[in-house]
Each structure stands twice: as structure tokens, then as C-alpha cells.
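Listed below are the residues making up each chain.
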Amino acid sequence: MSDKTILKALRGEVQKVPPIWMMRQAGRYLPEYRATRAEAGDFLSLCYNSDLAAEVTLQPIRRFGFDAAILFADILLLPQALGADLWFVTGEGPRLSTITSADDFSGLATKDDIHDTLAPVYETVRILSRELPRETTLIGFAGAPWTVATYMIAGRGTKDQGPAHALREGNVALFEKIIDLLTEATIEYLDQQIRAGAEVVKIFDSWAGSLKGEAFGKYAVEPARRITSELKTRHPGIPVIGFPREAGEGYIGFHAKTGVDCVALDDSVTPEWGAANVQKDGCVQGNMASRHMVTGGQALIDEVRHIRQAFSKGPHIFNLGHGITPDADPDNVSLMIETLRETV
Ligand SMILES: Cc1c2[nH]c(c1CCC(=O)O)Cc1[nH]c(c(CCC(=O)O)c1C)Cc1[nH]c(c(CCC(=O)O)c1C)Cc1[nH]c(c(C)c1CCC(=O)O)C2
């Protein structure tokens, strides 16, 4: 059994000091990231340059000594591998060709055609599994089908995921074909990441919170369950982290319904609520507000201690509730880690 702290937490061990990593830990708040990104040319070129993608993955490990490294890539590389056009508009975010008709859908590739495009990502994973310190866990990831579908249908990020909800209500057959294709392609994508050396995989469902009631069950829970169960059949024991962001009540029972080993919590729930309602079923990850990485000070210190204490009775991986933002101060990241690791 591995003694890596992240893997221990995922096996359900309660540790005196919880392991820590941070969503978007490789990112624009770090000067060394901005330099490597400039060397690559643009964000997508960085994602597909295995040496430079491995380099930016390692930067926050060298600087801060996090317990886990997350593969540097993006959830939108999978739609690109399926044939969608993808580009990033500086200061605005991603743009994609849209999928809103049966014709658009029939132009997409199949789940087995994705690997030529994604081969550099698998190579990044192989480099990282050689170069990471032995105590650091390597996390692979993909977007959840619903979240990826919201970008493919709208062609961009949306506040309320309106276009995806409209398709779900107006043409459920087409909508479900998109979800099925993404579910199957995600299984193949994560399978290859695991073969290349990912020790854990995380499924990012950033827009799960806009699915309510039955729709949450069908399009957030069920795809996560299918992906998790198939990966665990192919790779017995592979730990899976689910992140149905802003699911609220939907977090309750998510471990059991999907089979994930860990549920990542955003900061719209309190750690006390998370401990009582979610951690009782298994490991949780989270959930400090990202703004503390901008504001720092005593409030940051108090909040790290508060979260650590609230989750101290069960398995816990310390993290933010969402990604760190470009305006964050790296010194606040150091302060968070020092505070967490102080003995109490
Ligand atoms: C929705 C989503 C995307 N990408 C991702 C999600 C799900 C998680 C979340 O909700 O944040 C996930 C993601 N994106 C990135 C990673 C790498 C690993 C990590 O450090 O966490 C991961 C896991 C790098 C990235 N992905 C992106 C950046 C910034 C790109 C840059 O360097 O300019 C990084 C480091 C770009 C991106 N990628 C995406 C958007 C909307 C944007 C633009 C917004 C922004 O600029 O922050 C799609």
C-alpha cells in the first residue's frame, strides 16, 4: 500500500494533517507559469507541448511542495479531439463550434478517434510520473459530460447554461446522444491517462449546480457513475474524485450513488455542513474560498484552521472550493500551507 498522503485520504484514512493541493495551482498567478506560457505561445499550444505542460505542472510542486500535482491540460481538449473547433479569446475565455443539430452531431468523431489529438496529454502524464517527487500523487482529470456539453452546445461559457438546458428540453434525444458520446469518450480518455501513470482521476462538473431534481440524477450522477464504474473495472482500485460543483443538496449521497472515493466540495457549503452530510460517507476535498488567496492575513489563517478542524473527524484533502484566480498572491498560498501543516 502506498504511503502517499493523498492516496491514504482516498482510502479513508484520517490524518492529523490533511494533504493539500489546489485547483488551478499551475496558473497565471505564478510568474514562472506566465513565462512558460509565453514561451509556448498561447494556452492551447502549452497544453499540447508535453515538455512545457509537464514543466508548468511541476512549478507549484517545486515552489510550494503540494501533496498532489494535477496534470496540466484543459477539459475542452476532449471536444477538440472529437472534432469541435476550439480557440481561446484573451480576456474572455473559450470559444467552440456549436453542436445544436443532428447534422452537427454526425460530424463529430467517435470515442475511439480521440487519441491522436490527445497523445501529447498522455505523454505529459508519462513525463510527470517519472519526474515528480516520490511522495507527490499525480492526478489526471476530465470534464464531466454535462459541463463539457454546456460548452459544446453554446460554443462558449455561459452564466446559466441556457443553451444546453434549451436543447435538453427541446431535443432530448440529441442532448442524450451528446451526453452518451461524452461519457464514453471520457472513459477512454481517462483510461489512457491512467495507463500513462495517473494515480487518481478527477471529474470536474463545474456546472452541475444548474441541474435540478431528476435532471441532476440523469445528467450529473449517472454519467459520473458510469465513468467511475467502468474505470474501476479496467483499473481495480483506481481512486476517483467527483466534483459536482454547487450541487448543494445533490452532494448528499453522491459517494454512494456514483461510487466515487472522494467528493470535492465548493465553498457555497460550510465545512460543518459538509462534514455532517457528505464526509460521513467518505473522503471529502475542499473547501476554502479562493478569495483568501487574494486577501490573505488573519482571516486566511482563521479559515484554514476552521476548515481543518471541521473536517478533522474523517478523511479530508484540503483544497479551495474552486480554482485560484490570476490576481492571487503566491505568498498567501505559502501562508495557507504553513498554517495547515502547523502542529496544533
Ligand atoms: C470549466 C473548465 C475549463 N477548464 C477546466 C474547467 C473545470 C474547472 C473549473 O470550473 O474551473 C479545468 C482545468 N483547466 C485547467 C486545468 C489544469 C489543472 C489545474 O491547474 O487545475 C484544469 C483542471 C487549466 C487552465 N484552463 C484555462 C487556464 C487559463 C489559461 C491561460 O493561461 O490564459 C488554465 C491555467 C482556461 C480556461 N479553461 C476553461 C475556461 C472557462 C477557461 C478560461 C477562464 C480562465 O481564463 O481562467 C474551461
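Predicted model, so just to flag it, every value in this text is computed and none were measured.

Undergrad: How should unusual backbone geometry be read in this particular structure?
TA: What is expected of a backbone is that most residues other than glycine have negative phi and most peptide bonds are trans. Gly286 connects to Asn287 through a cis peptide bond whose omega is -15 degrees. Relative to the helices and strands, Asn287 resides in strand E8 (residues 283–288). Despite not being glycine, Arg24 has its phi angle at roughly 60 degrees, a positive value. With respect to the helices and strands, the residue Arg24 is situated in the loop between helix H1 (5–10) and helix H2 (31–40). Its relative accessible area of 53% is what places Arg24 among the exposed residues. Backbone geometry at Glu246 places phi at a positive 60 degrees, although glycine is not the residue there. Position of Glu246 relative to the elements: it lies in the loop between strand E6 (240–244) and helix H12 (254–258).

Undergrad: Just checking my understanding: could you explain the UniProt feature "domain: Uroporphyrinogen decarboxylase (URO-D)" (unreviewed entry) in the protein chain for this structure?
TA: Summarizing the sequence annotation, UniProt attributes the feature "domain: Uroporphyrinogen decarboxylase (URO-D)" (unreviewed entry) to residues 19–28 and 139–155 in the numbering used throughout. Taken as a whole, residues 19–28 contains 0% helix and 0% strand, while its terminal C-alpha atoms sit 23 Å from one another. Here residues 139–155 runs as 59% helix and 29% strand, with 28 Å between its end C-alpha atoms.

Undergrad: Just to check I follow, could you spell out the side chain of Gln15 for this structure?
TA: Tracing the sequence through the fold places Gln15 in the loop between H1 and H2. On the basis of relative accessible area, Gln15 is assigned to the buried category, the value being 19%. Within the local environment of Gln15, its side chain forms a polar contact with the backbone oxygen of Thr5, the two atoms lying 3.0 Å apart.

Undergrad: What is the right way to look at the pairing of strand E4 (residues 137–143) in this model?
TA: The two faces of the sheet receive side chains in turn, since in a regular strand these alternate between them. Within E4, seven of the seven residues are buried, which leaves the element mostly enclosed by the surrounding structure. Pairing analysis gives three bridges linking strand E1 (residues 68–70) to E4, with the strands arranged parallel. Bridged to Ala69 within E4 is Leu138. Across five bridges, the pairing between E4 and strand E5 (residues 200–205) is parallel. Opposite Phe141, over in E5, you have Lys202 as the bridge partner.

Undergrad: Can you help me understand the pattern of salt bridges in this one?
TA: Any two side chains of opposite charge can pair, so long as their charged atoms come close to each other. By the definition in use, this model includes 22 salt bridges. The residue Arg341 makes a salt bridge to Asp67 at a minimum N-O spacing of 3.1 Å. Here Asp67 lies in the loop between helix H4 (50–64) and E1 and Arg341 lies in helix H16 (residues 330–341), a separation of 274 residues in the sequence. Residue classification places Arg341 among the partly exposed positions, given a relative accessible area of 33%. Between Arg126 and Glu123 there is a salt bridge whose closest N-O contact spans 3.1 Å. Of this pair, Arg126 and Glu123 both sit in helix H7 (residues 115–131), three residues apart, roughly one helical turn. By relative accessible area, which is 38% here, Arg126 ends up partly exposed. Through salt bridges that share partners, Glu188, Asp191, Arg195, Glu230 and Arg234 make up one connected network.

Undergrad: What's the story with the pairing of E6 in this structure? I'm lost.
TA: Counting buried positions over the five residues of E6 gives five, a clear majority of the element. Covered by surrounding structure in E6 are Val240, Gly242 and Pro244 together with Ile241 and Phe243, the residues of both alternating faces. Pairing of E5 with E6 involves five bridges; the strand directions are parallel. Directly across from Val201, in E6, lies its bridge partner Val240. What joins E5 to E6 is helix H11 (residues 213–234), and the crossover it makes is right-handed. With two bridges joining them, E6 and strand E7 (residues 262–264) adopt parallel strand pairing. The residue of E7 that forms the bridge with Ile241 is Cys262.

Undergrad: Hey, could you run me through the sheet that holds E4 in this one?
TA: Taken together, the seven strands give an open sheet; going across it, the order is E1-E4-E5-E6-E7-E8-E9, and neighbouring strands pair in parallel fashion. Among the strands making up the open sheet, the edge pair consists of E1 and strand E9 (316–320). On average, each strand axis in the sheet is inclined to that of its neighbour by 25 degrees, with strand direction left out of account. Contacts between H11 and the sheet are confined to E5 and E6, with E5 contributing the most and set at about 165 degrees to the helix. In the packing of helix H15 (residues 297–310) onto the sheet, the strands contacted are E8 and E9, and the crossing angle to E8 comes to about 165 degrees.

Criteria and cut-off values
Residues numbered from 1 in each chain as written. Predicted model: local features only at pLDDT ≥ 70, side-chain atom pairs only at ≥ 80, totals over all residues. Heavy atoms only, no water. Helix = DSSP H or I, 4+ residues; strand = E, 2+ residues; numbered from the N terminus. Buried < 20%, exposed > 50% of the residue type's maximum accessible area, 1.4 Å probe, protein only. UniProt positions renumbered as here; feature names shortened; annotations may be inferred. Polar contact = N/O pair within 3.5 Å; in protein donor to acceptor, adjacent residues only side chain to side chain. Pairing = 2+ DSSP bridges. Salt bridge = Lys/Arg side-chain N within 4 Å of Asp/Glu carboxyl O. Right-handed = clockwise from strand over helix to strand, strands pointing away. Axes fitted to C-alpha atoms, helices over the stretch in contact; angles between N-to-C directions. Contact = heavy atoms within 4.5 Å.

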